[in-house]
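The chain contents come next:
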Amino acid sequence: MTQPATKLTIVVERLLEPVVERLLEAAQIKGYSVFPGGGRGSHGTHHAYSAQVVREFAIVKYEIVVADRAKAERVADTLISQHLTHQPGIVWLETVDVLRAWKFASS
Amino acid sequence: MTQPATKLTIVVERLLEPVVERLLEAAQIKGYSVFPGGGRGSHGTHHAYSAQVVREFAIVKYEIVVADRAKAERVADTLISQHLTHQPGIVWLETVDVLRAWKFASS
Amino acid sequence: MTQPATKLTIVVERLLEPVVERLLEAAQIKGYSVFPGGGRGSHGTHHAYSAQVVREFAIVKYEIVVADRAKAERVADTLISQHLTHQPGIVWLETVDVLRAWKFASS
Amino acid sequence: MDLLADLLPAFLRQLQQPTLAFLLGGMLLAALGSRLEIPDAVYKFIVIVLLLKIGLGAGIAIREAELATLLLPAFLSAVLGAGIVLIGRITLVRLPSVKAEDGMATAGLFGAVSASTLAAAMVMLEQDGLAFEAWVPALYPFMDIPALVTAIVLAQWHRQRTGAAADRLRLGTIIAESLRGSALSALALGLVLGLVARPDAVFASFYEPLFRGLLSILMLVMGMEAYARLAELRRVAHVFAAYALIAPFVHGLLGFGLGYVAHVLTGFSPGGVVLLAIMAASSSDISGPPTLRAAIPMANPAAYVGASTSVGTPVALLSIPLYLALAELVFPR
Amino acid sequence: MDLLADLLPAFLRQLQQPTLAFLLGGMLLAALGSRLEIPDAVYKFIVIVLLLKIGLGAGIAIREAELATLLLPAFLSAVLGAGIVLIGRITLVRLPSVKAEDGMATAGLFGAVSASTLAAAMVMLEQDGLAFEAWVPALYPFMDIPALVTAIVLAQWHRQRTGAAADRLRLGTIIAESLRGSALSALALGLVLGLVARPDAVFASFYEPLFRGLLSILMLVMGMEAYARLAELRRVAHVFAAYALIAPFVHGLLGFGLGYVAHVLTGFSPGGVVLLAIMAASSSDISGPPTLRAAIPMANPAAYVGASTSVGTPVALLSIPLYLALAELVFPR
Amino acid sequence: MDLLADLLPAFLRQLQQPTLAFLLGGMLLAALGSRLEIPDAVYKFIVIVLLLKIGLGAGIAIREAELATLLLPAFLSAVLGAGIVLIGRITLVRLPSVKAEDGMATAGLFGAVSASTLAAAMVMLEQDGLAFEAWVPALYPFMDIPALVTAIVLAQWHRQRTGAAADRLRLGTIIAESLRGSALSALALGLVLGLVARPDAVFASFYEPLFRGLLSILMLVMGMEAYARLAELRRVAHVFAAYALIAPFVHGLLGFGLGYVAHVLTGFSPGGVVLLAIMAASSSDISGPPTLRAAIPMANPAAYVGASTSVGTPVALLSIPLYLALAELVFPR
Ligand SMILES: Nc1ncnc2c1ncn2[C@@H]1O[C@H](COP(=O)(O)O)[C@@H](O)[C@H]1O
Ligand SMILES: Nc1ncnc2c1ncn2[C@@H]1O[C@H](COP(=O)(O)O)[C@@H](O)[C@H]1O
Ligand SMILES: Nc1ncnc2c1ncn2[C@@H]1O[C@H](COP(=O)(O)O)[C@@H](O)[C@H]1O
Ligand code: NA
Ligand code: NA
Ligand code: NA
């Protein structure tokens with residue numbers, strides 16, 4: 001019934017949204033989810049609610065489930081090496097069991 | 001200290017909220033969390049913030065941790081076969097380690 | 001490329017934010033993410049959107065990725081034993097594969 | 001020719017009206033890639049206040065109105081709502097590149113009513129000094145619900161004919177669901193409060209003065225949204241865009257015609273005729289889509305929401321001056 | 001009998017006041033399953049603006065007031081706040097089906113004050129032309145804080161007596177925490193600015209004119225919320241619902257009585273007496289719950305929030321006409 | 001000495017103006033640990049409405065203005081914007097404890113303009129009866145964009161000189177990106193609509209009357225935010241705090257001086273001179289930070305956002321009375 005797949009999680013500032021989405025596009029990844037939030041890391045605290053004078057610094061989390069783990073790793077590597085050296089952000093991978101595996105196979 | 005359990009993740013449009021919650025109710029599942037968000041998939045893009053003219057199409061993610069994996073799979077199957085053939089939505093399962101396992105055992 | 005780490009997930013009311021953050025501070029954990037949401041559990045339903053008369057009862061989810069699983073378990077235990085006996089909240093652990101493992105090594 | 005020579009300058013003058021100018025401004029911003037964002041909460045709040053205002057105003061007016069004068073316009077509204085969907089059924093749905101369900105859902109939205117277009121029309125009529133019975137905006141649900149119901153019932157028949165297993169929705173359920181939507185709920189609440197409570201003071205001190213200003217911001221949102229959804233529309237058959245471009249004019253003229261009948265028979269005001277035309281020309285943007293999504297799940301929202309929000313609503317809004325000019329010709333003051 | 005014959009038509013007339021009509025409308029919508037949603041951000045904004053307005057108005061008034069006239073009403077407010085909780089301690093908490101902590105927390109909320117009820121009362125008094133000293137709303141914290149403090153201290157004593165290890169909260173901490181809540185913060189800020197700054201222009205151009213309108217939307221929210229929480233209340237002991245139904249009247253009459261004493265002794269205005277009664281009758285909906293949740297974690301919020309929001313607040317709001325009618329009898333104009 | 005004796009009472013009087021009083025009130029609340037929260041959506045809505053209002057007002061005014069009179073002030077604005085950043089380059093950036101990129105980004109923000117400070121200044125000038133050409137606020141982008149562009153270009157040169165691989169940003173891209181930010185988008189949209197549409201009615205009925213009130217709430221947010229970010233600032237080198245404390249005065253006096261030149265040469269109004277000074281004194285709080293964050297990612301936002309929001313903006317706001325007093329001395333009425 002279920003089949004193993006890889007979930008790539010990317011936590012970055014909203015500022016990087018276009019970057020992340022361009023990377024996914026380039027990797028032919030057609031599906032992802034995104035959740036607004038906040039957090040704390042080496043670049044200080046990002047509030048999750050209440051008046052933020054600078055909206056673009058808010059935290060978003062991308063969750064991207066793909067059948068092909070190698071592809072997820074490639075996206076993660078590119079993002080980290082090209083964009084996360086100075087910008088806040090973290091990335092991790094997990095193994096999940098998906099239903100309807102065809103929904104996660106790209107092209 | 002910790003015990004293995006299953007986390008069922010359901011990403012659907014808000015439109016399906018009553019459907020999902022009815023299914024969980026029917027399966028005697030008493031606990032779940034829900035997070036508003038956005039995403040992209042085969043049915044186009046759902047924005048995570050800013051003015052949405054049609055709110056009911058916004059994306060929500062359910063995270064449901066249950067002790068009984070078979071039950072999680074049954075809920076997932078019913079949801080997919082009865083409601084996700086035409087509607088946007090994806091579903092996956094993960095194994096997690098919970099504390100206080102009794103909180104996730106239904107009835 | 002990737003290295004195993006532990007993700008600790010804590011779902012509590014906003015009221016407990018200072019408690020959780022103090023615990024993380026005490027454990028020398030420097031990074032975490034937080035996402036607003038809603039949910040249902042043994043303490044009733046928490047709405048994820050729309051007017052909330054009492055904001056402090058809204059649900060938040062903390063996701064904390066750490067290299068050291070024992071530390072994550074210690075935080076989880078302390079939180080549960082000292083603060084979640086009367087207050088709503090659930091806790092679980094997962095194994096994930098992180099990139100740039102040094103970002104999750106505390107102190 | 002002569003008519004056009006009359007219409008064009010009037011039209012250009014109307015584009016300068018803040019209502020339409022903010023709409024065009026929103027489109028422009030989106031086209032230029034602006035990062036301006038009106039928060040969702042603000043958008044919802046504005047829609048609720050506008051609809052409460054429309055409802056309160058209509059309710060207060062109905063207190064004094066002779067109920068008999070409402071009957072014909074209400075009946076004609078229902079005829080328009082259902083009729084527009086039937087017209088869509090025998091035109092749009094017959095086209096080769098159109099999936100039947102997509103076509104019916106789209107026709108359903110175009111039969112239904114856009115609250116923001118209605119609000120914009122009210123402000124522009126006032127600006128022009130063209131009077132209407134204050135209960136006219138309350139015709140909204142009388143056109144909206146029949147349109148959505150007709151589309152849903154047609155889609156069900158279609159499924160049954162093509163042998164697909166469809167869980168039959170009952171009429172009462174569809175109507176109740178429509179009324180529970182946020183738009184009609186707010187309008188209905190306003191109506192009831194206007195009728196049975198005495199909200200005149202708060203109406204005059206809050207709802208009335210904020211109406212124009214909040215509408216200007218709503219128009220901004222609608223403009224940005226219309227542009228943003230164009231991309232989606234491009235992915236579906238071109239006939240949807242063509243339909244969305246032409247239908248508002250056909251429907252608007254139909255509405256004007258039936259309104260004129262009411263004018264002759266019962267003295268329905270010129271302003272009322274124009275509002276009826278604009279309601280007919282408009283296509284649902286807030287309450288219709290979720291109702292259709294739930295009831296016709298096989299239809300592709302990219303088609304119907306795209307057609308309505310990206311093309312239908314701006315076309316209807318931009319054609320308001322047309323009906324104003326027409327009224328000037330038909331009802332010389 | 002005669003009194004009732006006087007009260008009933010006055011009561012029905014007051015229900016038509018937009019303030020109460022919007023409250024009932026919100027309940028009706030929720031009961032009919034409407035999907036209307038007022039965004040959280042809008043709700044919070046409205047509450048902040050209303051409390052700033054109340055504070056500013058009071059602050060501006062205190063600039064001119066003789067401070068001595070405030071002392072007795074402030075003292076009586078504190079007596080009412082703490083007294084209501086003590087009454088709850090010896091009635092509600094004694095009932096067999098009531099867990100001690102739940103009962104104390106509930107009594108605490110009913111001793112405290114509801115900002116929305118206070119705002120509604122102010123608008124309805126103005127509508128009725130019943131004058132009050134503009135500083136009366138500033139009595140809010142003098143009633144609110146003693147009530148919450150009393151409840152928390154009682155709960156601590158209870159824990160100690162029952163041998164449970166309780167981390168002792170200090171009085172100063174509780175008071176400071178209360179004042180830091182969003183409701184009292186906004187009110188206090190308004191007060192201070194009204195006193196030391198010169199906000200008269202912005203008060204007259206913004207806060208004052210928006211007050212009624214924003215209140216009408218707040219009432220809508222309160223009505224929907226009240227209905228939505230009824231389900232929660234059904235899960236706890238029935239005595240909570242009964243208490244929430246009866247207590248507002250007892251507390252309101254107590255407040256009216258003590259206010260009358262101040263009227264006789266120091267000439268406290270009839271409108272002031274009514275506002276004091278309504279503050280006493282009201283139960284905290286915004287600031288009280290989080291304070292109690294933090295300080296009495298063993299209490300079940302379904303009981304106290306349900307009792308206060310679902311029953312206490314609507315009952316207090318709907319009983320405003322009662323005190324207005326009472327004032328007409330007691331203080332003939 | 002005499003000057004100070006004149007300034008001090010005027011300054012204290014101005015602190016009572018609601019604009020500054022709300023700012024101080026917000027700081028006080030934050031300092032006392034208040035849990036008052038203005039929702040993000042409300043904050044964004046307020047900023048958009050204020051900037052639309054500023055733009056609309058300026059646009060309506062430019063319709064009647066002689067374009068030639070705008071040229072010199074616009075040119076001087078650009079000189080000020082770029083000049084301030086260059087001054088920062090040869091002072092702040094040279095200091096031993098300052099990382100070059102941090103210094104340039106900070107100087108960039110201080111060269112740019114704060115929308116909220118500008119709005120506050122407009123209200124305080126009106127309150128004081130000091131007239132200005134209504135198009136003056138439209139100078140905002142003429143100062144803002146050159147400042148940001150200069151900072152970004154300087155940072156790029158620096159990277160190249162130090163041998164770091166920098167992806168060259170093109171000038172056009174930086175300018176376009178700036179204009180696409182929410183603040184400048186809203187201002188520009190207002191300007192264009194004010195120029196080509198006829199928004200006078202909605203301006204007078206909505207944007208104008210709400211301006212002061214919404215500003216008072218914005219000041220509250222700015223005050224709370226300023227205090228909250230102080231903690232962040234404490235973690236970076238002290239020179240940033242020192243710069244943020246002193247620079248606004250230097251920049252403001254520079255602005256006043258250049259404005260005076262325009263006054264002498266082309267009759268630029270005294271109020272215009274003051275507004276120019278305040279724009280120069282102010283530091284960007286909304287649109288600047290994201291632009292710099294994207295273009296100078298190596299710079300630490302704790303330094304520049306902290307310096308600007310925590311110290312720069314409150315200092316600029318609190319120094320508005322200074323320029324008002326200066327104008328009274330320099331331009332006797
Ligand atoms: N250990 C962690 N676990 C979960 N989220 C993290 C962690 N570290 C950082 N984050 C998230 O990533 C964002 C940027 O992190 P940083 O690059 O460390 O500033 C933070 O604001 C958090 O939202
Ligand atoms: N591969 C994926 N990974 C994560 N989320 C997805 C993925 N595909 C779809 N989604 C989410 O599920 C929603 C519906 O997907 P779909 O059914 O493909 O239209 C999208 O809007 C996303 O929020
Ligand atoms: N089984 C579960 N799976 C996911 N989230 C849960 C579960 N149980 C409880 N929660 C979340 O934790 C919150 C508190 O739960 P409780 O302590 O059971 O009241 C709920 O409001 C949910 O958001
Ligand atoms: Na229509
Ligand atoms: Na009370
Ligand atoms: Na500046």
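Look up a bit, the structure's there.
The notes below deal with the structure included here. (Residues numbered from 1 in each chain as written. Chains lettered and ligands numbered in written order. Predicted model: local features only at pLDDT ≥ 70, side-chain atom pairs only at ≥ 80, totals over all residues. Heavy atoms only, no water.)

### Thoughts on the environment of D40 of chain E
Residues and elements named next belong to chain E. Let me state the cut-off plainly: For helices the rule is a DSSP run of H or I covering at least 4 residues; for strands it is a run of E covering at least 2, with both sets numbered from the N terminus onward. Partly exposed residues are those whose accessible area sits between 20% and 50% of the maximum for their type, while under 20% is buried and over 50% is exposed, using a 1.4 Å probe and protein chains only.
Position of D40 relative to the elements: it lies in helix α3 (residues 40–64). Here D40 falls in the buried class, since its relative accessible area comes to 14%. In this structure the C-alpha to C-alpha distance between D40 and V221, which are 181 residues apart in sequence, comes to 9.7 Å.

### Some points on the interface of chain A and chain C
Put simply, the test is: We call two residues in contact when some of their heavy atoms are within 4.5 Å. A side-chain nitrogen of Lys or Arg and a carboxyl oxygen of Asp or Glu constitute a salt bridge if their distance falls within 4 Å. Identification of polar contacts relies on pairs of N or O atoms within 3.5 Å, with a donor-acceptor requirement for protein atoms, meaning one able to donate a hydrogen and the other able to accept it, and with residues adjacent in sequence counted only if both atoms are side-chain atoms. Residues are sorted three ways: Asp, Glu, Lys and Arg are charged, Ala, Val, Leu, Ile, Met, Phe, Trp, Tyr, Cys and Pro are nonpolar, and all the rest, Gly among them, are polar.
Listed by partner, the interface residues are 25 residues for chain A and 26 residues for chain C. The interface formed by chain A and chain C includes three salt bridges. In this structure, E63 of chain C engages K61 of chain A in a salt bridge whose closest nitrogen and oxygen atoms are separated by 2.9 Å. The tally of links from chain A across to chain C stands at ten residue pairs in polar contact (both at pLDDT 80 or more). Elements that contribute at least two residues to the side of chain A that touches chain C include exactly β2 (32–41), α2 (69–83) and β5 (89–98) of chain A. At seven residues, the largest contribution of residues to the side of chain A that touches chain C is made by β2 of chain A. Counted by class, the side of chain A that touches chain C contains twelve nonpolar, seven polar and six charged residues.

### With respect to the interface of chain C and chain B
Here is the rule we go by: Throughout, buried area stands for the accessible area (probe radius 1.4 Å) lost by two parts on being put together, summed over both.
Every contact between the two is made by 25 residues of chain C and, on the other side, 26 residues of chain B. Together chain C and chain B conceal approximately 2100 Å² of surface at their shared face, both sides included; 52% is due to carbon and sulfur atoms. At the surface where chain C touches chain B, the tally comes to three salt bridges. Our count for the contact surface shared by chain C and chain B stands at ten residue pairs in polar contact (both at pLDDT 80 or more).

### Looking at helix α12 (residues 270–281) of chain E
All names here are of chain E. What counts is decided by this rule: Take the residue count of a helix, subtract one, and multiply by 1.5 Å to get its expected span.
Compared with an ideal rise of 1.5 Å per residue, which puts twelve residues at 16 Å, α12 spans 17 Å between its outermost C-alpha atoms and is within 8% of the ideal. Counting buried residues in α12 gives eleven out of twelve residues, a clear majority hidden from the surface. If you check which residues of α12 are buried, you get G271, G272, V273, V274, L275, L276, A277, I278, M279, A280 and A281.

### Remarks on the site of ligand 2
We apply this condition: Whether a residue is near a molecule or strand depends on its heavy atoms: if one lies within 4 Å, it is near.
Neighbouring residues of ligand 2: 20 residues in total, closest S33, V65 and K103 of chain A together with S42 and H43 of chain B. Proximal residues around ligand 2 fall on chains A and B, making this an inter-chain site. Within the backbone of G31 of chain A, one N or O atom sits 3.3 Å away from a nitrogen atom of ligand 2. The contact in question runs from an oxygen atom of ligand 2 to an N or O atom on the side chain of K103 of chain A, over 2.4 Å.

### Some details on the coordination of the sodium ion (ligand 6)
All names here are of chain F. Applied cut-off: Metal donors were taken as nitrogen, oxygen and sulfur atoms no farther than 2.8 Å from the ion, or 3.2 Å where the ion is Na, K or Ca. Water is excluded, so coordination may look unfinished. Under the classification used here, a metal with four donors is tetrahedral if each angle lies between 85 and 135 degrees, square planar if opposite donors are over 155 degrees apart and the others between 65 and 115, a six-donor metal meeting that same test is octahedral, and anything else is irregular.
Protein-derived coordination of the sodium ion (ligand 6) comes from F110 (O), G111 (O), A112 (O), M279 (O), A280 (O) and S282 (O), at a distance range of 2.3 to 3.1 Å. Around the sodium ion (ligand 6) sit six donor atoms, and with donor-metal-donor angles ranging over 65 to 167° the site reads as irregular. Spacing between the donor residues of the sodium ion (ligand 6) along their common chain follows F-G-A-x166-M-A-x1-S. With G111 in helix α5 (residues 100–111) and S282 in the loop between α12 (270–281) and α13 (288–295), the pair connects residues that are 171 residues apart, well separated along the chain.

### Some details on the site of ligand 3
Here is the rule we go by: Note on areas: Shrake-Rupley, 1.4 Å probe, and residue coverage restricted to the protein chains presented here.
Ligand 3 sits among 20 residues. The nearest are S33 and K103 of chain B together with S42, H43 and G89 of chain C. Mapping the residues adjacent to ligand 3 onto the chains of the assembly identifies chains B and C. Contact distances for ligand 3 include 2.7 Å between an oxygen atom and a backbone N or O atom of S42 of chain C. The separation between an oxygen atom of ligand 3 and a polar side-chain atom of H46 of chain C is 3.3 Å. Look at ligand 3: alone it shows 480 Å² of surface, and the protein chains cover 98% of it. By residue number, the principal contributor to the shell around ligand 3 is strand β2 (residues 32–41) of chain C, which donates four residues. Its residues placed into classes, the shell around ligand 3 shows eight nonpolar, nine polar and three charged.

### Describing the packing of helix α2 (residues 18–31) of chain D against helix α14 (residues 301–318) of chain D
All names here are of chain D. In plain terms, the rule: Here an angle of 0 to 180 degrees is reported between the N-to-C directions of two axes, which are lines fitted to C-alpha atoms, with helices fitted over the stretch in contact. For any helix crossing, the convention is left-handed if the near helix is rotated counterclockwise from the far helix by under a right angle, and right-handed if that rotation is clockwise.
Running from amino to carboxyl end, α2 crosses α14 at an angle of 145°, the nearest separation of the two axes being 10 Å. The way α2 lies across α14 gives a crossing that is left-handed. Residues L20, L23, L24 and M27 of α2 lie in contact with α14, whose contacting residues are P314, L317 and L318.

### What to know about the packing of helix α11 (residues 238–266) of chain D against α14 of chain D
Residues and elements named next belong to chain D. For clarity, the cut-off: Oblique is the label for any angle not under 35 degrees, not over 145, and not in the 65 to 115 range, which are roughly parallel, roughly antiparallel and roughly perpendicular in turn.
Interhelical geometry of α11 versus α14 gives an angle of 40° and a closest axis separation of 9 Å. In terms of axis orientation, α11 runs oblique to α14. Relative to α14, α11 is oriented so that their crossing is right-handed. When α11 is examined against α14, the residues F240, A241, A244, L245, P248 and F249 are found in contact with a partner set consisting of A303, A307, V311, G312 and V315.

### Overview of the pattern of salt bridges
Scanning all chains against the criterion turns up 54 salt bridges over all chains. Where E37 of chain D meets R14 of chain A, a salt bridge forms, and the shortest distance between an N and an O atom there is 2.9 Å. In this pair, E37 of chain D is assigned in the loop between α2 and α3 (40–64) and R14 of chain A in the loop between β1 (3–13) and α1 (17–26), connecting two distinct chains. On the basis of relative accessible area, E37 of chain D is assigned to the buried category, the value being 17%. When its relative accessible area of 12% is taken as the criterion, R14 of chain A is described as buried. Between R14 of chain C and E17 of chain C there is a salt bridge, with its nearest N and O atoms 3.9 Å apart. Take E17 of chain C: its relative accessible area is 15%, and that puts it in the buried class. Salt bridges sharing common partners tie together K7, K61, E63 and E94 of chain A, K7, K61, E63 and E94 of chain B together with K7, K61, E63 and E94 of chain C.

### As for the relation of the copies chain C and chain B
Spelled out, the test is: For this overlay, a least-squares fit was computed on C-alpha atoms, restricted to residues scoring pLDDT of at least 70 in both copies.
The two copies are related by a screw motion: chain C maps onto chain B through a turn of 120° and a shift of 0.0 Å along the axis, at an RMSD of 0.1 Å. The symmetry that links the two subunits is that of a three-fold axis. Taken together, the interface assignments show that only 16% of the residues at the interface of chain C recur at the interface of chain B, consistent with different surfaces on the two copies.

### Some words on the coordination of the sodium ion (ligand 5)
Residues and elements named next belong to chain E. Only F110 (O), G111 (O), A112 (O), M279 (O), A280 (O) and S282 (O) from the protein coordinate the sodium ion (ligand 5), and they sit 2.3 to 3.2 Å from it. Seen from the sodium ion (ligand 5), its six donor atoms lie at angles of 65 to 166°, and the figure they make is irregular. The sequence motif formed by the donor residues of the sodium ion (ligand 5) is F-G-A-x166-M-A-x1-S. Highlighted residues: F110 in helix α5 (residues 100–111) and M279 in helix α12, separated in sequence by 169 residues. For the pair F110 and M279, one class covers both residues: buried.

### Structural notes on the relation of the copies chain A and chain C
Placing chain A over chain C gives an RMSD of 0.1 Å and needs a rotation angle of 120°, together with 0.0 Å of translation along the axis. Interface overlap between copies is the fraction of interface residues in one copy that are interface residues in the other; for chain A against chain C it is only 16%, indicating separate surfaces.

### Quick notes on the packing of aromatic side chains
For the record, the criterion: The aromatic pairing rule takes the rings of Phe, Tyr and Trp, using the six-membered ring of Trp, and pairs them if the centres are within 6.5 Å, calling planes under 30 degrees apart stacked, those over 60 edge-to-face and the rest tilted. Definition used: whenever NZ (Lys) or CZ (Arg) falls within 6 Å of the ring centre and also within 35 degrees of the ring normal, the charge is taken to sit over that ring.
A complete count under the given rule lists 21 aromatic pairs over all chains for this structure. For the ring pair Y32 of chain B and Y62 of chain B, a centre distance of 5.6 Å and an interplane angle of 55° mean the geometry is tilted. Taken as a pair, Y32 of chain B in strand β2 (residues 32–41) and Y62 of chain B in strand β4 (residues 59–66) lie far apart in primary sequence, 30 residues in all. Among the residues examined, Y32 of chain B registers a relative accessible area of 8% and is labelled buried. Counting every residue linked through ring pairs, the aromatic cluster contains F22 of chain D together with F206 and Y207 of chain F. Over the face of the ring belonging to F35 of chain C we find K61 of chain A, whose NZ or CZ atom lies 4.5 Å from the ring centre. A cation sits over an aromatic face here: R293 of chain D above F57 of chain B, 4.5 Å from the ring centre.

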